There are 2 protein chains.
Amino acid sequence: MSERISVIENIMNANDHLADDNHARLDQAGVFAVNLMASPGAGKTSLIEQTLPRLAEKLRIGVVDGDIATSLDADRAAAAGARASVQINTGGECHLDAVMLQQALNQLDLTDLDLLIVENVGNLVCPASFKLGTHKSILVASIAEGDDKPYKYPGMYRGVDALVINKIDLLPYIEFDMEYFRKGVEVLNPGLVIFELSCRTAEGLEPWLEWLAVQAQSGK
Amino acid sequence: MSERISVIENIMNANDHLADDNHARLDQAGVFAVNLMASPGAGKTSLIEQTLPRLAEKLRIGVVDGDIATSLDADRAAAAGARASVQINTGGECHLDAVMLQQALNQLDLTDLDLLIVENVGNLVCPASFKLGTHKSILVASIAEGDDKPYKYPGMYRGVDALVINKIDLLPYIEFDMEYFRKGVEVLNPGLVIFELSCRTAEGLEPWLEWLAVQAQSGK
């Protein structure tokens, strides 16, 4: 098995170097980039759809959409007013990696952007292991997934800079103990910035939008 | 990259051989086994909880629970009346593989079981690539994930023998086009056996229970 391990180590090191390159390139262009991760169907694309038109006056926003198949998400981002959107089809891969982001950056005019939202493949495990070179990692959790997810997917919850708890409009119809959920998050990632909102009703969007705008304006 | 590909091919071949061993061992013991897959939070464990007590008079059922961390699921299976339950912590791996199932089988008295339910790691991508040696693969989809999932995760939808559409009690509160969803499934997996149900309200459970019992009694 040692051969396997050394091959995997080489792949991870190569990925990290490329991620550093992506990071430097984004910095040089003055683009702040976020890596948006979540389970399938937690609401990454919906969050992008709600965010783009509301920040359009403050920021020039581009979107990179990672998916196993289809360009449904990039189409939605374009329809929501993304200044530019690029679809990456991973061809079966369960996560984005730094090479894929590099290829996407090649297709964008970075001088025309302030903020780049990178939508990762829907997966609560694998994307946590691959640095892309973005400035912040954001996890979208849907309350419909259940309140035990931080306990069961600690790697993802541990590694992010902010957490969006989506679909709070479903709270009356679902057994979801917010205190238990947030306690699990706090143990893994103390003091994590958390937003509770609903992309469907737009409830709770303001604090998220404000935070993202401040990050993009000061962090790049 | 050719070294990487050959290493990965060797790993997959080794996995397939072990899966065949597991399959033969289950057949010899007269145990029918299913591989239950889904996104995080779609309701695999809830489905097991609803299924166990309702089939307890017909079948002796064991559960193998794959998770990245914790033994929450095996605890729930045991509480729901599993004749035996084994927790596999994958230690970060995003799927179960045939070695892990082999290790779980070693901990079970197979002569005491008719049906073995293997709950895979919550992931809509990776588990589709790893044969375990079970007789049937079953996908649990939650309507809260959205109606576009077959289009976006075709590999998983293509490879399963049955589909459980869970959380139909949320239909009034979610934008979910069942016709669009089922059309996507039909293209990938024509004639797939589909059950619409709610683990929360128990609506629609009967056809699922009947199908599973018939499979277990005739298929082993």
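Structure's up top.
The structure presented is a predicted model; accordingly, all values stated were derived computationally and were not measured.

1. Overview of the overall build of chain A
Inference 1: Within chain A, the secondary structure is distributed over eight helices and seven strands.
Inference 2: The C-alpha atoms of chain A give a radius of gyration of 17 Å, which matches the 17 Å a tight globule of 220 residues would have.
Inference 3: Based on the C-alpha atoms only, the size of chain A along its principal axes is roughly 50 × 45 × 35 Å.
Inference 4: In chain A, once contacts between residues fewer than 6 apart in sequence are set aside, the share between residues at least 24 apart is 77%.

2. Some points on the sheet that holds strand S3 (residues 84-89) of chain B
Residues and elements named next belong to chain B.
Inference 1: Across the sheet, seven strands lie side by side as S3-S2-S4-S1-S5-S6-S7; this open sheet has parallel pairing. Both edges of this open sheet fall to S3 and strand S7 (193-196), since each of them pairs with a single strand only. Taking each pair of neighbouring strands and ignoring which way they run, the sheet shows an average axis angle of 20 degrees.
Inference 2: Here strand S6 (residues 162-166) runs beside S7; their pairing, made up of four bridges, is parallel. Within S7, the position partnered with Leu163 by the bridge is Ile194.
Inference 3: Strands in contact with helix H3 (residues 72-79) are strand S2 (61-67), S3 and strand S4 (115-119); relative to S2, the strand with the most contacts, it is inclined by about 165 degrees.

3. Considering the relation of the copies chain A and chain B
Inference 1: Each copy of the sequence occupies a distinct position, and chain A is placed on chain B by a rotation of 180 degrees and an axial shift of 0.0 Å, giving an RMSD of 0.0 Å. Within this description, the copies of the chain are treated as partners about a two-fold rotation axis.

4. Looking at the nonpolar core
Inference 1: Of all hydrophobic cores here, the largest spans 133 residues; its most connected members are Val118, Leu139 and Val164 of chain A together with Val118, Leu139 and Val164 of chain B.
Inference 2: Ignoring any residue separated from it by four or fewer positions in sequence, one finds Val118 of chain B in contact with Ala33, Val34, Asn35, Leu36, Val64, Leu96, Leu101, Leu132 and Thr134 of chain B.

5. Section: the interface of chain A and chain B
Inference 1: Contact residues are listed per partner, giving 33 residues for chain A and 33 residues for chain B.
Inference 2: Listing elements by their share of the side of chain A that touches chain B, those giving two or more residues are helix H1 (2-29), helix H5 (149-152) and helix H6 (154-158) of chain A.
Inference 3: Here the side of chain A that touches chain B takes four residues from H1 of chain A, the largest share from any one element.
Inference 4: For the side of chain A that touches chain B, the per-class residue count stands at 17 nonpolar, nine polar and seven charged.

6. Points about unusual backbone geometry
All names here are of chain A.
Inference 1: The backbone phi angle of Lys167 is positive, close to 70 degrees, even though this residue is not glycine.
Inference 2: With respect to the element layout, Lys167 can be found in the loop between strand S6 (162-166) and helix H7 (178-188).
Inference 3: Judged by C-beta crowding, with 28 C-beta atoms within 10 Å, Lys167 ranks as buried.

7. Focus: the environment of Ile165 of chain A
All names here are of chain A.
Inference 1: Looking at the element boundaries, Ile165 is found in strand S6.
Inference 2: Sequence separation between Ile165 and Phe176 is 11 residues, and the spatial gap between their C-alpha atoms is 12 Å.
Inference 3: Apart from residues lying up to four places away in sequence, Ile165 is in contact with Ala141, Ile143, Ile194, Phe195 and Glu196.

8. Examining helix H3 (residues 72-79) of chain A
Given 3.6 residues per helical turn, the α-helix brings residues three or four places apart onto the same face.
All names here are of chain A.
Inference 1: Among the residues making up H3, those that are buried are Asp73, Ala74, Arg76 and Ala77. All buried residues of H3 lie within an arc of 160 degrees about the axis, which places them on one face of the element.
Inference 2: Buried residues along H3 sit against helix H2 (44-55), strand S2 (61-67), strand S3 (84-89) and strand S4 (115-119).
Inference 3: Gly81 occupies a position one or two residues after H3 and carries a positive phi of about 105 degrees.

9. Brief notes about helix H8 (residues 205-218) of chain A
All names here are of chain A.
Inference 1: Here H8 contains 14 residues, and its C-alpha end-to-end distance of 20 Å stays within 8% of the 20 Å for a straight helix at 1.5 Å per residue.
Inference 2: Turning to H8, its buried residues number three or more, namely Trp208, Leu212 and Ala216. Seen along its axis, H8 keeps its buried residues to an arc of 60 degrees; they face one direction. For H8, exposure combined with an orientation more than 90 degrees from the buried face picks out Glu206, Glu210, Val214 and Ser218.
Inference 3: If you follow the buried residues of H8, they end up packed against strand S1 (32-38), H2, S4, S6 and strand S7 (193-196).

Rules of the game
Residues numbered from 1 in each chain as written. Chains lettered and ligands numbered in written order. Predicted model: local features only at pLDDT ≥ 70, side-chain atom pairs only at ≥ 80, totals over all residues. Helix = DSSP H or I, 4+ residues; strand = E, 2+ residues; numbered from the N terminus. Rg over C-alpha atoms; globule rule 2.2 N^0.38 Å. Contact = placed C-beta atoms within 7 Å. Pairing = 2+ DSSP bridges. Axes fitted to C-alpha atoms, helices over the stretch in contact; angles between N-to-C directions. Least-squares fit on C-alpha atoms with pLDDT ≥ 70 in both. Core = buried A, V, L, I, M, F, W, Y, C linked by C-beta atoms within 7 Å. Buried ≥ 20, exposed ≤ 12 C-beta atoms within 10 Å, placed from the backbone. Nonpolar A, V, L, I, M, F, W, Y, C, P; charged D, E, K, R; others polar. Arc of directions from axis to C-beta. Expected span 1.5 Å × (residues − 1).

Just geometry here; none of it tells us what the structure is for.
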